[in-house]
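# Residue-level structure breakdown
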Amino acid sequence: MPREVVSLHVGQCGNQVGTEFWRQLCQEHALSNDGTLLDTAAAASEGPECRDVFFYEGDDGRYIPRALLLDLEPRVIHGVQTGDLRGLFNPESIFLSTHGGGAGNNWGSGYHQADSCSEDIMDMLDREARACDSLQGFMLTHSIAGGTGSGMGSWMLEAISDAFPKATVHTYSVFPNQGASAASTSDVVVQPYNSLLTLKRLAHEADACVVLSNDALDAIAQHQLGIKNPTVAEGNRLVSTVMAAATAPLRFPGVVDVSMQHLAALLAGSPWAHLLTASYSPLTAQRAAASAGVRSSSVQEVMRRLVLPRNAMVQAPAKPAALRSSRYIAAAHILQGDVNMSEAAKARGRLTERGDLIFAEKWPANLQVVAARASPHVAARQRVSGLMLANHTAVRHVLNRTLEQFSRPFEKKAFLAEYTKWPMFQKGGGGGRGGGDASPDLSEFMEAREVVQRLSLEYASFEASAHTQEAAEESG
């Protein structure tokens, strides 16, 4: 049975999120910050197979993450190497560009720098894969807006697809702000270019992509957690909470074994339509008083909260009509703690009866409940906690906003000069940086736009009956 998962943390965002994720996993598996087993007697009850999914045991008895940390500039990784987790990671699994200049917020730079170091990166990837008894898949964390997370992340997705075609690939992809103020608040004016080029690879090469938008993460921190001015760290902790909950069935399996492949097959609407939204409940904050927390965490109440739009970690459609016509394609509720499956079955029926879960007409109603054990090493604040991963047509509005923000500068040929320096954007371009005389080739942008347009239309097709019904109601 496939078991082990290799995690890939790419770029500033990917490594910051990854640091929070591994800090949480150490707590849940009774490991110190350097991988030492803290409570041997208590950990024995957990079973070694749980830790072995994401960790392997070193010669000195410490547990080491099955992870690669990759970046083109040193700041964040140097912070990891000197911070509280400095003794946790295998130094041979850390890749830093020798020049340390980063990707300059340029997808082309990130992609081609990764390609120029392909031998070193693939050696690291092969070593981690060979250390697995039965590799289950890869998990990538990155941002799609900057240069390294988008460009190097895209290269990694293609490389994994070529080298490990049978492995399942899940990504936790952080999307940039897309609200009305995004253009004025972002310091990455080319983020729509980077986003679109990365979305093409997420559609083609990943099996499941969890979409996490900065807009929604900030809104949750402000309105759900009561944090007036949320920091990047708050958003990173929210993402790591989603990742820990999503991997709980792999690390603390319940009665039914669940694999990465099973989750991807369960939630995918089609080979391309595998962009997932995430909701988590109950949310708590360290700085919030205990009395301000959620008072009820029954299975029914947790499942009810998971479908509330305000808890979704992706920006909802701006127009109410668009939200009303959105449909679920598939959803999974991953519950941890004192979970009674009979109670879960009743809660699932209530959600459907009340119209809280409306599935696409041409698609069978598909809400699966997966129970996972809670970590025996962490004191639970609630009786039950839950994560919903959903394939929902509202994600097409994120795609449409990306297309719109891409088209405005692209039609004016703005900011393209920095991209056409790289071979992929030159006619007859090969590996490495171009010589400057080759004529520009923008077909890669156009192909990426076509892929995202087709993906948006595919999601829209699941809403066809809803639009017909709304039009009939308006005309009546």
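The shown structure was predicted, so the numbers you read here are calculated from the model rather than taken from an experiment. (Residues numbered from 1 in each chain as written. Predicted model: local features only at pLDDT ≥ 70, side-chain atom pairs only at ≥ 80, totals over all residues. Heavy atoms only, no water.)

## A word on the packing of helix α1 (residues 11-28) against helix α11 (residues 232-251)
For any two helices packed against each other, one specifies the crossing angle of their axes together with the interaxial distance. Condition: Fitting a line to C-alpha atoms yields each axis, with helices limited to the stretch in contact; the angle taken between N-to-C directions then spans 0 to 180 degrees. Secondary structure elements follow DSSP: runs of H or I no shorter than four residues count as helices, runs of E no shorter than two count as strands, and numbering proceeds from the N terminus. Any angle that falls under 35 degrees is termed roughly parallel, while one over 145 is termed roughly antiparallel, one within 65 to 115 roughly perpendicular, and all others oblique. Here a crossing is called left-handed whenever its near helix is offset anticlockwise from the far helix by less than a right angle, and right-handed whenever the offset is clockwise. The contact rule is simple, with two residues in contact once any of their heavy atoms fall within 4.5 Å. Residue polarity follows a fixed list, in which Ala, Val, Leu, Ile, Met, Phe, Trp, Tyr, Cys and Pro are nonpolar, Asp, Glu, Lys and Arg are charged, and the others, Gly among them, are polar.
Following both chains from N to C, one finds α1 and α11 inclined at 50°, their axes separated by 8 Å at the closest point. By the angle between their directions, the pair α1 and α11 is classed as oblique. Judged by the sense of rotation from one axis to the other, the crossing of α1 with α11 is right-handed. Contacts from Q16, V17, E20, F21, Q24, L25 and E28 in α1 reach V232, N236, R237, V239, S240, T241, M243, A244, T247 and R251 in α11. Grouping the amino acids of the contact of α1 with α11 by side-chain chemistry returns 7 nonpolar, 6 polar and 4 charged.

## Here we look at the confidence of the model for the protein chain
The line we're drawing: Per-residue confidence from the predictor is reported as pLDDT, a score between 0 and 100.
Here the protein chain shows a mean pLDDT of 89. Residues at 70 or above account for 88%. The low-confidence segment residues 431-436 (pLDDT under 50) makes 11 contacts with residues lying over four places distant or belonging to another chain. Taken as a whole, residues 467-476 scores under 50 in pLDDT and shows 5 contacts with residues more than four places along the chain or in a different chain.

## A word on the nonpolar core
This is how the line gets drawn: Nonpolar cores were defined as sets of buried Ala, Val, Leu, Ile, Met, Phe, Trp, Tyr and Cys residues, with membership established by side-chain atoms within 4.5 Å. Any residue under 20% of the maximum accessible area for its type is buried, any over 50% is exposed, and the rest in between are partly exposed; the area is computed with a 1.4 Å probe on protein chains only.
The biggest cluster of nonpolar side chains holds 65 residues, and the ones touching the most others in it are L8, L125 and F445. Once residues within four sequence positions are removed from consideration, L125 is found in contact with L8, L68, F138, M156, I160 and F164. Counting residues in hydrophobic clusters, the runner-up holds 56 residues, among them L69, M139, V174 and M260.

## So, unusual backbone geometry
With an omega of -5°, the peptide bond running from S281 to P282 counts as cis. Inspection of the secondary structure assignment puts P282 in the loop between β9 (275-281) and α13 (299-306). Unusually for a residue other than glycine, F415 sits at a positive phi of about 65°. Position of F415 relative to the elements: it lies in the loop between α16 (395-411) and α17 (443-461). What makes F415 partly exposed here is its relative accessible area of 46%.

## Focus on the pairing of strand β12 (residues 384-392)
Formally: Being paired, for any two strands, means DSSP has found at least two bridges between them.
Of all 9 residues making up β12, 9 are buried, and the element is well covered by its neighbours. With burial as the criterion, each face of β12 is covered, one bearing V384, G386, M388, A390 and H392 and the other bearing S385, L387, L389 and N391. Here 5 bridges tie β9 to β12, and the two strands are oriented antiparallel to one another. Its bridge partner lying in β12, S279 is registered against M388. Where strand β10 (residues 328-337) and β12 come together, 9 bridges link them in antiparallel fashion. Looking at the pairing, Y328 lines up with H392 of β12.

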